[in-house]
Amino acid sequence: MNKRILFFFLLFLSGTAFSQSSNNIYIEPGFDFGRYTPFSARHQYIKNYHQYSVDARIGWQSTGKKRWEQAFNFPSYGLRIGYTHNTLDSVVYYSHEGNYWGPIGECFTVAGFMNGPIYRGKKWSFDYDIIYGADFWTRHGNEMLGSALNFHVSFDIGPTIRLTDNLDLAARYMYVHSSNGATFLPDNGVNSHLLRVALRYHPYGHPKFEEKDFGDFEKKNNLFVSASGGWLQTYTRINGQLPQETPMFFGSTLRAGFSRQFNSKFRWDVTIDYCWTGETKYRYELLGERDQYNFWKSSHLDLSADFEILFGRFAFCAGGAYYLYHGIYSGTNEKKSWGMQMTPFEANHLPEFYTPFYERVGYKLYLDKDCRYFLGTFMKIHLGSIDYIEWTVGANLF
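Reference entry: report on the structure contained in this document. (Residues numbered from 1 in each chain as written. Predicted model: local features only at pLDDT ≥ 70, side-chain atom pairs only at ≥ 80, totals over all residues. Heavy atoms only, no water.)

1. A short note on the pairing of strand β3 (residues 76-86)
In terms of burial, β3 is a largely internal element, eight of the 11 residues being buried. Across 11 bridges, strand β2 (residues 50-61) lies against β3 in antiparallel orientation. Pairing of Tyr-52 across the sheet is with His-85, part of β3. Sheet analysis places β3 next to strand β6 (residues 107-120), joined by nine bridges and oriented antiparallel. From the neighbouring strand, Gly-82 faces β6, where its bridge partner is Thr-109. (Buried < 20%, exposed > 50% of the residue type's maximum accessible area, 1.4 Å probe, protein only. Helix = DSSP H or I, 4+ residues; strand = E, 2+ residues; numbered from the N terminus. Pairing = 2+ DSSP bridges.)

Structure below.
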């Protein structure tokens, strides 16, 4: 059920690209070729294997009717559907009878994309693409991927050359990541870098851009609140468990803070966050201290700051936070470590891979024209190791 909800949510976001006039639609078939990016010393061998992809993008070209379109130099956005052939045939699959090697499988992608020019000339432009969506793998349960359904995140950059009034040639360097956000282990994920070549066909020709004077932007200050929930499979293993056999836990984040949108493209937020991570209970069981655990031990308090890039009602977000307090200190003589290092007590009692700080990256979808209410999905990450995915609802109050 969770997989179906995720799929239809991502498809809904991608489908918003087609709510505009069909005269601005384009079709972009492409071919990608590249290699895998190792993420640990023992996986260096994977960089010798190749990856091949074919995809089709259906996009809508903005023309400047809205302030944000003009502010971002007339971007386009739409839906990407792709297939990836993986030649990697030597990843580890875990079993109680012994580990064995096998192929990683094939991948099918459904995602939304945002394409924008860093430079736009009469005959060519230098563009970027930001792509979020879902990957469906034909094999899973290996050291890279613990589930068939995974998040797809990719970025690319390169030139687009106008060949005729209907046809463009695009060349890109692309970086791709696929993982499920620690929802199901193992979850090392698959990372790769590729070169892309594509043809972009405009059935009705290139649309004309409108240069409007929208007047000065009115800066906005808000107090806002949000609530997030998510689930994860713990990295902590007891009594010979396989990675895929560890229990699932709930995580949540409550945020309250100040937000300032200082122009039509950018906003920053500063918040106090209360996080609760049920995985902490399992750490106490590992240490043989189950009788010392209570609900408060799973609590965390932090100060965070985020930066948003606003494409109308859609925002890409990135930021970081520093922990001010952990519930594990309650009832003990232990004190919070300040700086970038943890004490042995913190390292033992906090969940695996925790650090004194964390990063957050994701997106928001504002639901109304005044951008008061929003939905979002964020990844809470400790130095490249994800804690859990935050499925978020929130509101700007004033």
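2. Some words on the nonpolar core
Counting residues in each nonpolar core, the largest one holds 17 residues, and the members touching the most others are Ile-328 and Tyr-358. When contributions to this core are tallied by element, the ones reaching two or more residues are β13 (266-277), α3 (279-286) and β15 (314-326). Among residues more than four places away in sequence, those in contact with Ile-328 are Thr-280, Tyr-284, Lys-297, Phe-345, Glu-346, His-349 and Leu-350. Formed by 14 residues, the second largest nonpolar core is a distinct cluster that contains Trp-68, Tyr-132, Phe-311 and Leu-365. (Core = buried A, V, L, I, M, F, W, Y, C linked by side-chain atoms within 4.5 Å. Contact = heavy atoms within 4.5 Å.)

3. As for the sheet that holds strand β18 (residues 385-396)
Ordered in space as β11-β12-β13-β14-β15-β16-β17-β18, the eight strands form a closed barrel in which the pairing is antiparallel. Sheet twist, expressed as the average angle between the axes of neighbouring strands with direction ignored, equals 25°. Two strands pair when backbone bridges link them, and strand β11 (residues 220-233) and strand β12 (residues 248-261) are joined in this way by 14 bridges, in the antiparallel orientation. Bridge pairing links Gly-230 to Gly-251 in β12. (Axes fitted to C-alpha atoms, helices over the stretch in contact; angles between N-to-C directions.)

4. Describing the pattern of salt bridges
Across all of its chains, the model carries 23 salt bridges by this definition. Residue Glu-28 is joined to Arg-196 by a salt bridge in which the shortest nitrogen-to-oxygen separation is 2.8 Å. Here Glu-28, found in strand β1 (residues 25-36), pairs with Arg-196, found in strand β10 (residues 190-201); they are 168 residues apart in sequence, far enough to count as distant. An identical accessibility class is assigned to Glu-28 and Arg-196; each is buried. One salt bridge connects Glu-285 with Arg-290, and the closest N-O pair in it is separated by 3.7 Å. Classification of Arg-290 by relative accessible area gives exposed; the value is 54%. What emerges from the salt-bridge pattern is a single network uniting Glu-28, Asp-32, Asp-55, Arg-57, Arg-80, Asp-127, Asp-129, Asp-156, Arg-172, Arg-196 and Arg-200. (Salt bridge = Lys/Arg side-chain N within 4 Å of Asp/Glu carboxyl O.)

5. What about the state of the cysteines?
A complete count under the given rule lists zero disulfides for this structure. Of all cysteine sulfurs in the structure, the one in Cys-317 sits closest to Cys-275, which takes part in no disulfide; the separation is 16 Å. Classification of Cys-275 as buried rests on a relative accessible area of 0%. (Disulfide = S-S within 2.5 Å.)

6. Points about the side chain of Ser-147
Its place among the elements puts Ser-147 in the loop between β7 (124-137) and β8 (149-162). There is a polar contact of 2.8 Å between the side chain of Ser-147 and the backbone oxygen of Leu-149. Of the polar contacts made by the side chain of Ser-147, one reaches the side chain of Asn-180; its length is 3.0 Å. If near-sequence neighbours (up to four positions away) are discounted, Ser-147 is found in contact with His-140, Asn-180 and Phe-184. (Polar contact = N/O pair within 3.5 Å; in protein donor to acceptor, adjacent residues only side chain to side chain.)

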